[in-house]
Amino acid sequence: MDFSRTFRSLRNRNYRIWAAGAAVSNIGTWMQRTAQDWLVLTELTHHNAAAVGVVMGLQSAPQLLLLPWTGYAADRLDRRKLLLITQAVMGVLALALGLLVVGGVARLWQVDVFAFVFGCANAFDAPARHSFVSELAGEADLLNAVALNSTSFNAGRMIGPAVAGLCIGVLGSGWAFVLNGLSFLGVLISLLFLRVADLHRNARAKPARGGFIEGARYVWRRPDLRAIVVILALIGTFGLNFPIFISTMAVGVFHVGAGRYGLLTTLMAVGTLAGALAAASQERADFRSLLTGAGAFALGCALAALAPDYAVFGAMLMLVGVATLMLTTTTNTLMQLTSEPEMRGRVMAIRLAVALGGTPVGAPMVGWVANHFGPRWALGVAALSGLAAALVAARYLAFRRNQVSGVS
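The model shown is predicted, which means the values in this text are computed figures rather than measured ones.

### Notes on the packing of aromatic side chains
Then comes step 1: Scanning the model with the defined rule gives nine aromatic pairs in all.
Then comes step 2: Where Trp-38 meets Tyr-261, the ring centres are 5.3 Å apart and the plane angle is 25°; that geometry is what we call stacked. Here the residue Trp-38 occupies a position in helix H2 (residues 13–44), and Tyr-261 occupies one in helix H12 (residues 258–280), the gap between them amounting to 223 residues.
Then comes step 3: Classification of Trp-38 as buried rests on a relative accessible area of 12%.
Then comes step 4: Among the aromatic side chains, those forming a connected cluster through ring pairs are Phe-242, Phe-245 and Phe-297.
Then comes step 5: Between the NZ or CZ atom of Arg-260 and the centre of the ring of Tyr-310, over which it lies, the distance is 4.0 Å.

Structure follows, in structure tokens:
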């Protein structure tokens, strides 16, 4: 691996500071995600996978419900100031829910409410955070910066669940929420220490009515962006439900405790981390990567569904992790690099709304399949979504070849 090429964005002071703060917050985020799934599945219900799906759906729904405003806010407002607000709000929410759990008074409906409110803050945070990367690193290093962001996110995904498993076993699940709330200080401090004058400012959207409609039309007119949106809709709705897949397989099939449950999420993160480092060394992203990623995702989910034991299941999760990273990084980079700067926030909001907004529909459905037919069948649904996404990518590649060759 060429380290100078793989980590080239870190030569930028602003990006280094941002990456350091994000690394701390990412660990806390994955601690809370792991603890939240465990809390709902084993403490607030009796292994009810559908309840986990409902919480996931409520946390993801605002990405879709607030779409007319979130992307336009990212294009219109100062992204750094917007992130200071959203990160502070999410930190306070994590602390408040953690104190309820630590105090032994948390109820399932409260977790549902906090998940929805947290999702509302994240709906404004996510498009601003994703498009802010181009202001930190500049256009030339955008692919590398996006991949390194994924590396940091998945390093947190590797460390956070393991720490959460230890925290749940020793202190209780509530402390994982509290520690996540404190971890938001990392991002807040990094945002305050950035050199504002060194940011690569993008063009701002002009005040206008119908800003979201303009963004939706922009995406719809582009066959490449349309294809990416369909791929994300398929995978996001039926495939990216890993809290359900991993928790139900761990508890219902392999009958393991919190520590080994956390290890499964960590093993998947090992795969995503490897995929992120590989993506960081690449110079360009294209649709062939999407086709490969979708096919590998389908294969990995199918093999995980058939896994005879815990060890094989963990190994298959690593393959799924690599494929998931390839899909998410490639869609992120393609949609940012090929969009006009003043449209980027809205394009990213649409991307996130499609990828995460399908969860309110898909997660309860997948949870229902896991409850009634078993966790292995739920993973089979994910495998089918990957296969369908691969077919969409292959169809677009054929369309583009026909355009180049002049075939109508």
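Picking up where we left off.
### Considerations on the pattern of salt bridges
Then comes step 1: Taken as a whole, this structure holds six salt bridges when the rule is applied.
Then comes step 2: Put simply, Arg-346 and Asp-75 hold a salt bridge, and the shortest N to O gap is 2.8 Å. Of this pair, Arg-346 sits in helix H15 (residues 344–357) while Asp-75 sits in helix H4 (residues 67–76); the two residues are 271 residues apart in sequence, bridging distant segments of the chain.
Then comes step 3: A salt bridge links Arg-222 to Asp-224; the shortest N-O distance between them is 2.9 Å.
Then comes step 4: Through salt bridges that share partners, Asp-75, Arg-79, Glu-135 and Arg-346 make up one connected network.

### Considering the UniProt feature "transmembrane region" (unreviewed entry) in the chain
Then comes step 1: With numbering aligned to this structure, UniProt lists the feature "transmembrane region" (unreviewed entry) at residues 82–106, 162–194, 227–255, 261–280, 287–307, 313–335, 347–370 and 376–398.
Then comes step 2: As annotated, residues 162–194 comprises 85% helix and 0% strand, and the C-alpha atoms at either end are separated by 31 Å.
Then comes step 3: Within residues 227–255, the helical portion is 83% and the strand portion 0%, while the C-alpha atoms at the span's ends are 40 Å from each other.

### Brief notes about the side chain of Thr-331
Then comes step 1: Its place among the elements puts Thr-331 in helix H14 (residues 310–337).
Then comes step 2: On the basis of relative accessibility, which here comes to 1%, the residue Thr-331 falls in the buried class.
Then comes step 3: Side-chain polar atoms of Thr-331 contact the side chain of Arg-351, separated by 3.2 Å.
Then comes step 4: With near-sequence residues (within four places) excluded, Thr-331 lies in contact with Ile-228, Leu-232, Leu-290 and Arg-351.

### Thoughts on the environment of Gly-314
Then comes step 1: Within the element layout of this structure, Gly-314 appears in helix H14.
Then comes step 2: Each C-alpha atom, one on Gly-314 and one on Asn-180, is 25 Å from the other, the two residues being 134 residues apart in sequence.

### Looking at the nonpolar core
Then comes step 1: Ile-244, Phe-287, Leu-290, Phe-297, Phe-313 and Met-335 are the most contacted members of the largest nonpolar core, which totals 88 residues.
Then comes step 2: With residues up to four places along the chain from it excluded, the contact list for Met-335 reads Leu-225, Ile-228, Val-229, Leu-232, Val-347, Met-348 and Arg-351.
Then comes step 3: Of all hydrophobic cores here, the second largest spans 22 residues; its members include Leu-82, Ala-137, Ala-145 and Leu-191.

### Here's the deal with the domain arrangement of the chain
Then comes step 1: Annotation of the chain at the domain level lists domain 1 (9–198) and domain 2 (210–407).
Then comes step 2: Domain 1 and domain 2 are separated by 19 Å when their C-alpha centres are compared.
Then comes step 3: Residue-level contacts link 47 residues of domain 1 with 57 residues of domain 2.
Then comes step 4: The largest per-residue losses of area from domain 1 upon contact with domain 2 belong to Trp-38, Leu-143 and Arg-157, which jointly make up 15% of the total buried on that side.
Then comes step 5: Across the domain 1-domain 2 interface, the total number found is three residue pairs in polar contact (both at pLDDT 80 or more).
Then comes step 6: Secondary-structure elements contributing two or more residues to the side of domain 1 that touches domain 2 are H2, helix H3 (49–65), H4, helix H6 (108–137) and helix H7 (142–170).
Then comes step 7: A total of 16 residues in the side of domain 1 that touches domain 2 trace back to one element, the largest contributor, which is H7.

### Observations concerning helix H13 (residues 287–305)
Structurally, the α-helix is built with 3.6 residues per turn, so residues lying three or four positions apart point the same way.
Then comes step 1: With 19 residues, H13 should cover 27 Å at 1.5 Å per step; its first-to-last C-alpha distance of 27 Å lies within 8% of that length.
Then comes step 2: Taken together, the buried positions of H13 are Phe-287, Ser-289, Leu-290, Gly-293, Ala-294, Phe-297, Ala-298, Gly-300, Cys-301, Ala-304 and Ala-305.

### Describing a nonpolar patch on the surface
Then comes step 1: A cluster of nonpolar side chains, contributed by Leu-179, Leu-182, Leu-185, Ile-189, Leu-192 and Phe-193, occupies part of the molecular surface with about 590 Å² of accessible area.
Then comes step 2: By the secondary structure assignment, Leu-182 is in helix H8 (residues 174–192).
Then comes step 3: Judged by its relative accessible area of 45%, Leu-182 falls in the partly exposed class.

### Brief notes about the packing of H3 against helix H11 (residues 242–253)
Then comes step 1: At a minimum axis distance of 9 Å, the contact between H3 and H11 shows a crossing angle of 155°. Relative to H11, the element H3 lies roughly antiparallel. Between H3 and H11 lies a crossing whose hand is right-handed. Contacts from Ala-49, Val-52, Gly-53 and Met-56 in H3 reach Pro-243, Ile-244 and Thr-248 in H11.
Then comes step 2: Here the residues of the contact of H3 with H11 are counted per class, giving five nonpolar, two polar and no charged.

### Let's talk about H3
Then comes step 1: The end-to-end C-alpha separation of H3 is 24 Å, in line with the 24 Å expected for 17 residues at 1.5 Å each.
Then comes step 2: Of all the bends in H3, the greatest, near 30°, is centred on Gln-59, and the proline Pro-62 appears no more than four residues after it.
Then comes step 3: Three or more residues of H3 are buried, namely Ala-49, Ala-51, Val-52, Gly-53, Val-55, Met-56, Gly-57, Ser-60, Ala-61, Pro-62 and Gln-63.

### Concerning unusual backbone geometry
Then comes step 1: One non-glycine residue, His-47, lies in positive phi territory at about 55°.
Then comes step 2: Note on placement: His-47 falls in the loop between H2 and H3.
Then comes step 3: Even without glycine at this site, His-255 takes up a positive phi of about 55°.
Then comes step 4: Structurally, His-255 can be placed in the loop between H11 and H12.

Rules used throughout
Residues numbered from 1 in each chain as written. Predicted model: local features only at pLDDT ≥ 70, side-chain atom pairs only at ≥ 80, totals over all residues. Heavy atoms only, no water. Phe/Tyr/Trp six-rings, centres within 6.5 Å; stacked < 30°, edge-to-face > 60°. Helix = DSSP H or I, 4+ residues; strand = E, 2+ residues; numbered from the N terminus. Buried < 20%, exposed > 50% of the residue type's maximum accessible area, 1.4 Å probe, protein only. Lys NZ or Arg CZ within 6 Å of the ring centre and 35° of its normal. Salt bridge = Lys/Arg side-chain N within 4 Å of Asp/Glu carboxyl O. UniProt positions renumbered as here; feature names shortened; annotations may be inferred. Polar contact = N/O pair within 3.5 Å; in protein donor to acceptor, adjacent residues only side chain to side chain. Contact = heavy atoms within 4.5 Å. Core = buried A, V, L, I, M, F, W, Y, C linked by side-chain atoms within 4.5 Å. Domains from an automatic or database assignment. Buried area = accessible area lost by both parts, 1.4 Å probe. Expected span 1.5 Å × (residues − 1). Patch = residues over 30% accessible without salt bridge, like charges linked within 9 Å, V, L, I, M, F, W, Y side chains within 5 Å. Areas by Shrake-Rupley, 256 points an atom, 1.4 Å probe, with all protein chains shown as cover. Axes fitted to C-alpha atoms, helices over the stretch in contact; angles between N-to-C directions. Parallel < 35°, antiparallel > 145°, perpendicular 65-115°, else oblique. Left-handed = near helix turned anticlockwise from the far one by under 90°. Nonpolar A, V, L, I, M, F, W, Y, C, P; charged D, E, K, R; others polar. Bend = angle between axes of the 7 residues up to and from the residue.

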